[in-house]
Amino acid sequence: MSIFKGRDRPVRPHGRLSSVIPAPGGATAVLDQHLRFTGWSREAEELFGLASEEVLGRPADAVLADTETGAGVSAAGGGGAAWSLGPRPVRRGDGRPVSVSLSLTPLTLGAGATGWLLTAVDAELAHREAIGRAMLDGLDREAPVQLVVYDTDARVRWINTALEKQFGIPLEDAVGRFVKDILPQGEVLGEGEGTATSVEEIVQRVARTGAPVIDVRYRSSTLLDPRHERVWSCSYFRLQDDDGRPIGVCEAGLDITDRYVARQRLALLSRASGSIGRTLDIRRTAQDLAELVVPEFADAVTVDIVEAVLSGQEPQHFATHPTLCQVAHRTDHAAAKDTAYDALDTVRLRCLAQNAPATDAATHMLALPLKARGATLGAVAFARSRHADPFEHEEIQLAEELVSRTAVCLDNARRYTREHATALTLQRDLLPRTLPQQPGVEVAHRYLPAAGPAGVGGDWYDVIPLSGARVGLVVGDVAGHGTSAAATMGRVRTTVAALAALDLAPDELLARLDDLVARTGAPPSGPAEAEDQALGVTCLYAIYDPVSRHCVMARAGHLPPVLLTPDGHAELVDLPAGPPLGLGGLPFECADIELPEGATLALYTDGLVENRHTDIDAGVSSLCTALAGPEDGQLDKTCDKVITTLLPQPPRGRRRTAAAPRPCPGREPGGDVGRGLRRRRSGKSAVAGP
């Protein structure tokens, strides 16, 4: 069915669309050559409220005189040619005025007589009909909106001129076909009220239900521009005949390509905020950028960093040949063969030499410097295939924003790398390089520094020789991270060693250490001092006498040790809890236990048994399970077993320390020196067994 009445072929008319749509019907009358009525239709009776017997034989000037000016019909006569009179008020038979438009057309009557055909139309109705015809003609030829009319089976029946011009499809080639046949590359991107996958499905649903569908995003290239895709926002509503039966569906589409691209760019920036810089790892941050932009923004990207930056150093000013390391590279394999990778180096070096964006429209390349806080860290190079468009001004601005955010994240990672290395070096220098060999006791240890973004903390351990062949065993933890926590750890460890030399009991040593930490732990005076402050100190101090095999110990906010008996049973030592150091005024209590020959005492920090997925009780239970079982006599293997069991993944965020001393069987004090076991791990410490 054609939208144009009387048309059998789908060809756009040469004239106006309104010319093929009939004008509204009106009242007719016949006048003789003297403009006297000789015929009066029923429609004329209804329009003017006059019966035929009241009109026939009377002059038209009398019946149809203008009520305002008194002018008759003959005053506007054009001789023998047709003429028309615009809207004029005429008095009806009941006295009420009616505004009508009149037209007179010459007639040839019988016997050589001539006359006139008068047509009268209600002026308001004529005006509305004229607007309707003008609107239809405007929608067909002038409207910027693409219009399509479908049959109820979703075949195209009509398209307007705007769609013909944009798609390059004439009306006769579109009628009777499905959209999927006309534009096989097109796709529905999204539908506000459903999940349709094709235009045909949407049209058939609207025709069936009558419910309009608004703002369906449709993307396709066109015959006139097959290399570029455009996006339209399409809405659909049902068409019905006079009886309310559905006869088709109308689609109104608006090209929103520019708006769609702008939103896509904003969405890309939004995703960049959540995906770039999630870690403080330089290589991972660079890879985040590469994964974000390929293939949505570019077909290939490389990220090159100045070599010094990778080790946390401040980037130095460089000329045209800096030492670069490629830390990220990503390519869309579908476009790889059409991308000129050879030009990347040239554009990148030009970018670094000028310290400014560099483009090459011929090869579709763009290079931007990675600049943060006044320093250039490297460069990012983007590439597109030769079939894609070169980078436009708005796209270069988008790339600059992405690269700028990446540069700040990279600089943060560089600073963290430098600070982490500094804190780790400081911490290692403050920890004992070797443990003293003591008669009658064997010691082994493990210490694993944190690898996560929180940085190095303040866990420490020590083995202190005392008088009478006794040995002091210490494990502690300074809360916090960074160089400040490491420095605090060094001060506390040195103080413990000095107090232990006075032969103080464990509870008295902790009491004096508590006073010292309380005096030196005053709140910082400003924000600069508050950064990365040590937040608290815990400590466990034990004195083991290999002669009596007694071990006296006390703890300040620290976890109790685990005792592994020679028969393979492991359990926590019942050691009275004490407050963390620095609170001041609270007492510490000692516990004195006798260790059987061959027993193992495990000292540790909470990072070994606690993490974000495991609470501390479950962690301690796992530690006891890992230690339990028959001994093979090698403390180092025991340490490795515990580390592997409790920390199968590299530690992140906290250090774990573990150490275990054991009495040497059959050895007298002052005889052979025993071996030590102590275990190092990210975030906390553990020591085991006399």
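Above this text sits the structure in question.
Residues numbered from 1 in each chain as written. Predicted model: local features only at pLDDT ≥ 70, side-chain atom pairs only at ≥ 80, totals over all residues. Heavy atoms only, no water.

Caption draft 1: Geometry of the overall build of the chain. Tallying secondary structure elements over the chain gives 17 helices and 28 strands in all. Within the chain, the proportion of its 690 residues that are buried is 47%. Taking all contacts inside the chain whose residues are at least 6 apart in sequence as the whole, residues at least 24 apart take part in 64%. As displayed, the chain has an accessible area near 32,600 Å², and 52% of this comes from carbon and sulfur atoms. (Helix = DSSP H or I, 4+ residues; strand = E, 2+ residues; numbered from the N terminus. Buried < 20%, exposed > 50% of the residue type's maximum accessible area, 1.4 Å probe, protein only. Contact = heavy atoms within 4.5 Å. Areas by Shrake-Rupley, 256 points an atom, 1.4 Å probe, with all protein chains shown as cover.)

Caption draft 2: Seen up close, the sheet that holds strand β14 (residues 358-360). Spatially, five strands are ordered β13-β12-β16-β15-β14 in an open sheet, and the strand pairing comes out antiparallel. Here the strands that pair on one side only, and so sit at the sheet edges, are β13 (324-331) and β14. With direction set aside, neighbouring strand axes in the sheet form an average angle of 15°. Where strand β12 (residues 300-306) lies against strand β16 (residues 375-383), six bridges are found, and the strand directions are antiparallel. (Pairing = 2+ DSSP bridges. Axes fitted to C-alpha atoms, helices over the stretch in contact; angles between N-to-C directions.)

Caption draft 3: View of the sheet that holds strand β24 (residues 591-594). In space, the five strands of this open sheet follow the order β18-β19-β20-β21-β24, with antiparallel pairing throughout. Of all the strands in the sheet, just β18 (458-465) and β24 have a single pairing partner and so form its edges. The average undirected angle you get between the axes of adjacent strands in this sheet is 15°. Two elements, β18 and strand β19 (residues 471-478), share eight bridges in a ladder whose sense is antiparallel. Residue pairing in the sheet places Tyr 461 in a bridge with Val 475 of β19. Where helix α14 (residues 506-520) meets the sheet, its contacts fall on β20 (537-545) and β21 (550-556), and the angle it forms with β21 comes to roughly 25°.

Caption draft 4: Expanded view of the nonpolar core. Of all hydrophobic cores here, the largest spans 48 residues; its most connected members are Trp 460, Val 496, Leu 509, Cys 551, Met 553 and Leu 581. No other element matches the seven residues that β20 contributes to this core. Once residues lying within four places of it in the same chain are set aside, the contact partners of Val 496 are Trp 460, Ile 464, Val 474, Leu 509 and Leu 513. Counting residues in hydrophobic clusters, the runner-up holds 37 residues, among them Ala 290, Ile 305, Leu 368 and Leu 410. (Core = buried A, V, L, I, M, F, W, Y, C linked by side-chain atoms within 4.5 Å.)

Caption draft 5: View of the pairing of β21. Counting buried positions along β21 gives five out of seven residues, so the element sits mostly inside the fold. Two strands pair when backbone bridges link them, and β20 and β21 are joined in this way by seven bridges, in the antiparallel orientation. Considered in β21, the bridge of Leu 540 is made with Arg 555. Hairpin connection of β20 to β21: four residues between the antiparallel strands, including Arg 549 at a positive phi of 60°.

Taken by themselves, the reported measurements are silent on function.
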